[in-house]
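# Per-entry structural report
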Amino acid sequence: PALPTPPPITATSSSTRVAVAAMPAATLVEIDVAVIGGGVGKAGEVLFAPLRTALKTYATLSFVQRLEIVPAQMGTDAGLVGAAAAALTRRADDTAEASV
C-alpha cells in the first residue's frame, strides 16, 4: 500500500515549528531575544507574523511568552560575522594569556 501524502509545509506550519524549537532554548537560558539569520531570516513577515502567533499560543511560561524572535540585522552574513568575531576573541584571549 502507498504511504499517505503528508500535508504541505506552509509558512504557518514552518513558523510554528521554529517557535516550538525556540521555546526550550528560551526556557533553559532565559533569553529575551532569539535571532534568526541567513536566508530564513530574510523571509520577513511571512515567517515572523505566524511565528509571533505561535509563541503566544504555545508558550506557557511568562518569560517565554515575551520572547522576541527577530531577523539578523546582517542578513545572510550574520553567521560569517559571528564566526569572525569568535575567532578574533579567541585570538585576543590567546595573546593575553601568552603575555602573562
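Here is a short report on the structure shown in this document. (Residues numbered from 1 in each chain as written. Predicted model: local features only at pLDDT ≥ 70, side-chain atom pairs only at ≥ 80, totals over all residues. Heavy atoms only, no water.)

Broken down by element type, the protein carries 5 helices and 2 strands. For the protein, the N- to C-terminal ordering of α and β elements is α-β-α-α-α-β-α. By its C-alpha atoms, the protein is 65 × 35 × 30 Å across when sized along the principal axes. Contacts in the protein between residues at least 24 apart in sequence constitute 74% of all its contacts with a sequence separation of at least 6. When the accessible area of the protein is evaluated, it comes to approximately 7,200 Å², of which 63% is carbon and sulfur surface. (Helix = DSSP H or I, 4+ residues; strand = E, 2+ residues; numbered from the N terminus. Contact = heavy atoms within 4.5 Å. Areas by Shrake-Rupley, 256 points an atom, 1.4 Å probe, with all protein chains shown as cover.)

Before going further, it helps to spend a moment on unusual backbone geometry. The backbone phi angle of Glu30 is positive, close to 50°, even though this residue is not glycine. By the secondary structure assignment, Glu30 is in the loop between helix H1 (11–29) and strand E1 (33–36). For Glu30, a relative accessible area of 58% corresponds to the exposed category. (Buried < 20%, exposed > 50% of the residue type's maximum accessible area, 1.4 Å probe, protein only.)

The next subject is the environment of Ala92. The residue Ala92 is located in helix H5 (residues 78–98) in this model. Through-space distance from the C-alpha of Ala92 to that of Thr12 is 43 Å; in sequence the pair is 80 residues apart.

Judged by nonpolar contacts, the single largest core of 15 residues is most densely connected at Ile36, Phe48, Leu51, Leu55, Leu67 and Ile69. Of all the elements in the fold, those that place two or more residues in this core are H1, E1 and helix H3 (45–58). With 5 residues, the top contributor of residues to this core is H3. Sequence-distant contacts of Leu51, that is, excluding residues within four places in its chain, are made with Ser15, Val18, Ala19, Ile36 and Ile69. (Core = buried A, V, L, I, M, F, W, Y, C linked by side-chain atoms within 4.5 Å.)

This paragraph deals with the pairing of E1. Residues of E1 alternate between two faces, with Ala34 and Ile36 buried on one and Val33 and Val35 left unburied on the opposite face. Looking at chain direction, E1 and strand E2 (residues 68–71) are connected through 4 bridges and run parallel. Looking across to E2, one finds that Val33 is bridged to Glu68. (Pairing = 2+ DSSP bridges.)

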